[in-house]
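Understanding the architecture of this molecule
Each chain, written out:
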Amino acid sequence: LRKEFSLKIDNICIEQHDTYKSAAMDLSVNVLVSDNNKDKPREFKALMTINGIFIDTTDITDEEFKQKLNINGSAALYSIARGCLINISSQVLEEGKIILPLVNFMEMAKKSKK
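First, a word on scope: everything that follows refers to the structure included in this document.

Quick notes on the rules
Residue indices follow the written sequence of each chain, beginning from 1 at its first position. Confidence filtering applies because this is a predicted model: local features only for residues at pLDDT of at least 70, side-chain atom pairs given and counted only at 80 or more, and all residues used for totals across whole chains, interfaces and linings. Heavy atoms from the whole structure form the basis of all side-chain values; hydrogens and water molecules are not counted. Starting at the N terminus, helices and strands are each numbered in turn, a helix being any DSSP run of H or I of at least four residues and a strand any DSSP run of E of at least two. Think of it in three bands: with a 1.4 Å probe and only protein chains considered, a residue is buried below 20% of the maximum accessible area for its type, exposed above 50%, and partly exposed in between. What makes two residues a contact is simply this: any of their non-hydrogen atoms within 4.5 Å. A fitted line through C-alpha atoms serves as each axis, taken over the contacting stretch for helices, and the angle formed by two N-to-C directions is quoted from 0 to 180°. Orientation is classified from the angle alone, with under 35 degrees giving roughly parallel, over 145 giving roughly antiparallel, 65 to 115 giving roughly perpendicular, and any other angle giving oblique. The hand of a helix crossing depends on one turn: near helix anticlockwise from the far one by less than a right angle means left-handed, and clockwise means right-handed. We count Lys and Arg on the positive side and Asp and Glu on the negative side, and we leave His and both chain ends out. Salt bridge, as applied in this entry: a Lys or Arg side-chain nitrogen positioned within 4 Å of an Asp or Glu carboxyl oxygen. Contacts described as polar in this section are N or O atom pairs within 3.5 Å, which, within protein, must combine one atom able to donate a hydrogen with one able to accept it, while residues neighboring in sequence count only if both atoms come from side chains. The set of buried Ala, Val, Leu, Ile, Met, Phe, Trp, Tyr and Cys residues whose side-chain atoms join them within 4.5 Å is what this entry labels a nonpolar core. Stacked, edge-to-face and tilted labels apply to pairs of Phe, Tyr and Trp rings (six-membered ring for Trp) whose centres lie within 6.5 Å, assigned for plane angles under 30 degrees, over 60, and everything in between, in that order.

1. Considerations on the environment of Arg82
Structurally, the position occupied by Arg82 is in helix H1 (residues 62–92). A residue is classified by how much of its surface remains accessible, and Arg82, at 22% relative accessible area, is partly exposed. The spacing of Arg82 and Ile99 is 17 residues in sequence and 6.6 Å in space, taken between C-alpha atoms. Residues in contact with Arg82, not counting those within four places in the same chain, are Ile99, Leu100, Pro101 and Leu102.

Right under this line is the structure:
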């Protein structure tokens with residue numbers, strides 16, 4: 001099987017409130033699993049965008065908040081996407097289910113800065 005997975009963090013929006021800050025963000029997960037059967041090729045595609053809203057104190061800067069969202073927010077939303085994809089794929093595929101690989105969000109955040 002050929003397996004391709006990608007992640008995209010998008011639409012980070014931070015708002016200041018009287019006693020806290022809130023932030024919304026989207027995490028898009030793109031999945032493609034296909035076989036190499038030339039007679040009868042099969043594919044499973046999924047594009048899932050999950051939105052999360054997070055809160056923190058007013059003491060945190062917007063830049064620090066974005067850093068937290070890129071690591072902790074992404075990890076939280078990704079775990080939800082993993083569960084959803086397992087449930088969906090186990091119900092629609094004849095053989096098995098698709099499990100998203102584990103991701104090191106600290107490394108991902110470092111690479112996205114470059």
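Still more ground to cover, so stick around.
2. Observations concerning the packing of H1 against helix H2 (residues 105–113)
Interhelical geometry of H1 versus H2 gives an angle of 135° and a closest axis separation of 9 Å. It follows that H1 is oblique to H2 by the angle criterion. Judged by the sense of rotation from one axis to the other, the crossing of H1 with H2 is right-handed. On H2, the residues that touch Gln67, Asn70, Ile71, Ser74, Ala75 and Tyr78 of H1 are Phe105, Met106, Ala109 and Lys113.

3. Overview of the side chain of Asp26
Mapped onto the fold, Asp26 is located in strand E2 (residues 21–34). Among buried charged residues, Asp26 stands out as having no salt bridge; its nearest opposite-charge side chain is Lys8, 9.0 Å away. A polar side-chain atom of Asp26 sits 2.6 Å from a polar atom in the side chain of Asn51. What Asp26 contacts, discounting residues up to four positions off in sequence, is Lys8, Ile9, Asp10, Asn11, Thr49, Ile50 and Asn51.

4. Digging into the environment of Gln67
Its location among the elements puts Gln67 in helix H1. Gln67 sits in the partly exposed class, given a relative accessible area of 36%. For the pair formed by Gln67 and Met106, sequence separation is 39 residues and the distance between their alpha carbons is 9.9 Å.

5. Observations regarding the nonpolar core
Of all hydrophobic cores here, the largest spans 20 residues; its most connected members are Val29, Val31, Tyr78, Ala81, Leu85, Ile98 and Leu100. Elements with a contribution of two residues or more to this core: E2, strand E3 (43–56) and H1. The residues touching Leu85, leaving out its near neighbours within four places in the chain, are Val31, Phe44, Ala46, Met48, Ile98 and Leu100.

6. A look at the side chain of Lys21
Checked against the element boundaries, Lys21 lands in strand E2. Exposure remark for Lys21: the relative accessible area of 6% places this residue in the buried category. In terms of polar contacts, Lys21 uses its side chain to reach the backbone carbonyl oxygen of Ile60, at 2.7 Å. In this structure Lys21 touches Ile14, Glu15, Gln16, Phe54, Ile55, Asp56, Thr57, Thr58, Ile60, Thr61, Asp62 and Phe65, once residues within four positions along its chain are discounted.

7. Section: the packing of aromatic side chains
Across all of its chains, the model carries one aromatic pair by this definition. On the basis of an interplanar angle of 70° and a centroid distance of 5.5 Å, the ring pair of Tyr78 and Phe105 is categorised as edge-to-face. Of the two residues, Tyr78 sits in helix H1 while Phe105 sits in helix H2, which places them 27 residues apart along the sequence. Taken as a pair, Tyr78 and Phe105 share a single burial class, namely buried.

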